[in-house]
Amino acid sequence: MDQNRSELADFLSARRARLTPSDVGLKGELARRRVPGLRREELAQLAGVSVDYYTRLEQGRSRSASVDVLDALATALQLDDAERAHLHQLGRPQPATRLRRARPQHVHPATLDLLDRLDQVCSPAFILGRRLDVLAHNRLAGALITEFRRLPAPQRNQARFVFLDPHARELYADWRQVAVDTVAMLRHDAGRYPDDPRLSALIGELSIHSAEFRTWWSRHDVQRRTTGAKSYHHPVVGELTVQYQALNPSGDEDQVLIVYTTEPGSASDNALRLLANWHERAVGPVTTESPNSREASR
């Protein structure tokens, strides 16, 4: 079984197991089965496909499926938008697009200037690329999270930080949720670029060194970066909560600008301002390979 068919099969199986009979109106069925989750024949009926055809998909014996079938399966499985897109990526792969997009990533100078401007209003901000690589960040993001620019380029990665840096477990007030979300975002990238050798190496490294990563990776959860809140327990300024928003700078789907904001005058806002002042006094110039003290290409 090739990698793409295996991923499609595993994703379908995981999502089918997540649905209970009561989720689809089979309220009296749960007591008559050994394990929760829909049976293959039940899901096939909901999606309007034959049991044999669905079984071949879930067993990895079919290479791809039509758009209509994938849409029907997504509806039957009650997938959200990110999961639906992921299913289509697995069920109808486009190798030529993946190869074209696998070129080294560059952060546009205008985006780097925007990071500096966000520093001036006490908004931590950073750019994530493929594989959750940290392509760039402003000074306040480095002070709040970690100074990725001081790390060797291969280690500038959000997933590596969350799972392999002990500081992350102390920094995030809800480390478990951050870690689960990180795995789901990495799984989203894996669906778009299943043949990326650096992504495969990263997943292998995290799987070897983190039992938690292995467990959550096997769940096949998928998530896009959008909006939300995140709480920190910072060693310098203590507790604070930020609101975040994810944007695509310059229309690049492979780069995400994450901007943190706080309610003006709130305790969290005051904490960020205190952190900015502390960082300006305590930390000297950041040394990197690039002449403008920012790594702009990965």
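All figures in this text were calculated on a predicted structure; none of them were measured in a lab.

**So, the overall build of the protein**
Each helix and strand counted, the protein has 14 helices and five strands in total. When each of the 298 residues of the protein is scored for burial, the buried share is 50%. Within the protein, contacts between residues separated by at least 24 positions form 59% of all contacts whose residues are at least 6 apart in sequence. Total accessible area computed for the protein in this model is approximately 14600 Å², and 51% of it derives from carbon and sulfur atoms.

**Quick notes on the sheet that holds strand 4 (residues 238–247)**
Across the sheet, five strands lie side by side as 2-1-5-4-3; this open sheet has antiparallel pairing. If you trace the sheet from one side to the other, it starts and ends with strand 2 (134–137) and strand 3 (227–234), each paired once. Direction aside, the axes of adjacent strands within the sheet are offset by 25° on average. As defined by bridge partners, strand 1 (residues 125–128) adjoins strand 2 across three bridges and the pair is classed as antiparallel. Pairing of Leu128 across the sheet is with Val134, part of strand 2. Against the sheet, helix 7 (residues 109–120) makes contact with strand 1, strand 2 and strand 5 (256–261), and its axis sits at roughly 155° relative to strand 1, the strand it touches most.

**Brief notes about the pairing of strand 3**
As paired strands, strand 3 and strand 4 are joined by eight bridges and run antiparallel to one another. Bridge pairing links Lys230 to Val242 in strand 4. Once strand 3 ends, the chain turns through three residues before running back antiparallel as strand 4.

**Looking at the nonpolar core**
By size, the foremost hydrophobic cluster in this structure holds 44 residues, and its most contacted members are Ile145, Phe163, Tyr172, Leu186 and Tyr232. Of all the elements, helix 11 (residues 175–192) adds the most residues to this core, at eight residues. If we ignore the near neighbours within four places in the chain, the residues touching Ile145 are Phe126, Phe161, His167, Leu171, Tyr172, Tyr232 and Tyr260. Formed by 24 residues, the second largest nonpolar core is a distinct cluster that contains Leu38, Ala47, Ala74 and Ala76.

**Quick notes on empty space enclosed by the protein**
Throughout the structure, instances matching the rule amount to two cavities of 30 Å³ or more. Estimated volume of the largest cavity: approximately 40 Å³. Every residue along the wall of the largest cavity is listed here: Phe126, Val134, His137, Ala141, Ile145, Thr146, Phe148 and Gln158. When its residues are assigned to classes, the lining of the largest cavity shows five nonpolar, three polar and no charged.

**Let's talk about unusual backbone geometry**
In this structure, Gln78 is a non-glycine residue whose phi angle is positive, near 60°. Following the sequence through the fold, Gln78 ends up in the loop between helix 4 (67–76) and helix 5 (81–91). The partly exposed category is assigned to Gln78, whose relative accessible area is 43%. Even without being glycine, Cys122 reaches a positive phi, approximately 60°. Among the secondary structure elements, Cys122 is positioned in the loop between helix 7 and strand 1. Residue Cys122 is classed as buried on the basis of its relative accessible area, which comes to 11%.

**Let's talk about the confidence of the model for the protein**
In low-pLDDT segments, the atomic positions of the prediction should not be examined closely. Of all residues in the protein, 86% attain a pLDDT of 70 or more, and the chain-wide mean is 86. Taken element by element, the protein is modelled with least confidence in helix 6 (residues 95–101), mean pLDDT 48, and with most confidence in helix 9 (residues 158–164), mean pLDDT 97. Predicted confidence for residues 285–298 stays below pLDDT 50, and this span has 37 contacts to residues more than four positions away or in other chains.

**Here we look at the packing of aromatic side chains**
Enumeration over the complete set of coordinates arrives at ten aromatic pairs. For the ring pair Phe163 and Trp216, a centre distance of 6.3 Å and an interplane angle of 55° mean the geometry is tilted. Within this pair, whereas Phe163 is found in helix 9, its partner Trp216 is found in helix 13 (residues 211–217), the two being separated by 53 residues in sequence. Both residues of the pair, Phe163 and Trp216, count as buried. Aromatic side chains Tyr232 and Tyr260 sit 6.1 Å apart centroid to centroid with 55° between the ring planes, which places their arrangement in the tilted category. Placement of the pair is Tyr232 in strand 3 and Tyr260 in strand 5, with a sequence separation of 28 residues. In this structure, Tyr232 and Tyr260 share a single accessibility class: buried. These aromatic residues form a ring-pair network of at least three members: Phe126, Phe148, Phe161, Tyr172, Tyr232 and Tyr260.

**Details of the pattern of salt bridges**
A full pass over the atoms with the stated rule returns 20 salt bridges. Here Arg187 ties to Glu7 by a salt bridge, and the two come within 2.6 Å at their closest N and O atoms. On the criterion of sequence distance, the pair formed by Arg187 in helix 11 and Glu7 in helix 1 (residues 3–18) is long-range, its members being 180 residues apart. On the accessibility criterion, Arg187 (2% relative accessible area) is buried. A residue is classified by how much of its surface remains accessible, and Glu7, at 15% relative accessible area, is buried. With a shortest N-O distance of 3.4 Å, Arg39 and Glu42 are connected by a salt bridge. Since its relative accessible area comes to 30%, Arg39 is described here as partly exposed. The class of Glu42 is buried, set by a relative accessible area of 11%. A single network of salt bridges, built from pairs that share partners, joins Arg130, Arg192, Glu253 and Asp254.

Rules used in this analysis
- Residues numbered from 1 in each chain as written.
- Predicted model: local features only at pLDDT ≥ 70, side-chain atom pairs only at ≥ 80, totals over all residues.
- Heavy atoms only, no water.
- Helix = DSSP H or I, 4+ residues; strand = E, 2+ residues; numbered from the N terminus.
- Buried < 20%, exposed > 50% of the residue type's maximum accessible area, 1.4 Å probe, protein only.
- Contact = heavy atoms within 4.5 Å.
- Areas by Shrake-Rupley, 256 points an atom, 1.4 Å probe, with all protein chains shown as cover.
- Pairing = 2+ DSSP bridges.
- Axes fitted to C-alpha atoms, helices over the stretch in contact; angles between N-to-C directions.
- Core = buried A, V, L, I, M, F, W, Y, C linked by side-chain atoms within 4.5 Å.
- 1 Å grid on protein atoms, 1.4 Å probe; cavity = no way out; pocket = protein on both sides within 12 Å on 5 of 7 lines; lining within 4 Å.
- Points joined across faces, edges and corners; volume = space filled by probe spheres on them.
- Nonpolar A, V, L, I, M, F, W, Y, C, P; charged D, E, K, R; others polar.
- pLDDT = per-residue confidence, 0-100.
- Phe/Tyr/Trp six-rings, centres within 6.5 Å; stacked < 30°, edge-to-face > 60°.
- Salt bridge = Lys/Arg side-chain N within 4 Å of Asp/Glu carboxyl O.

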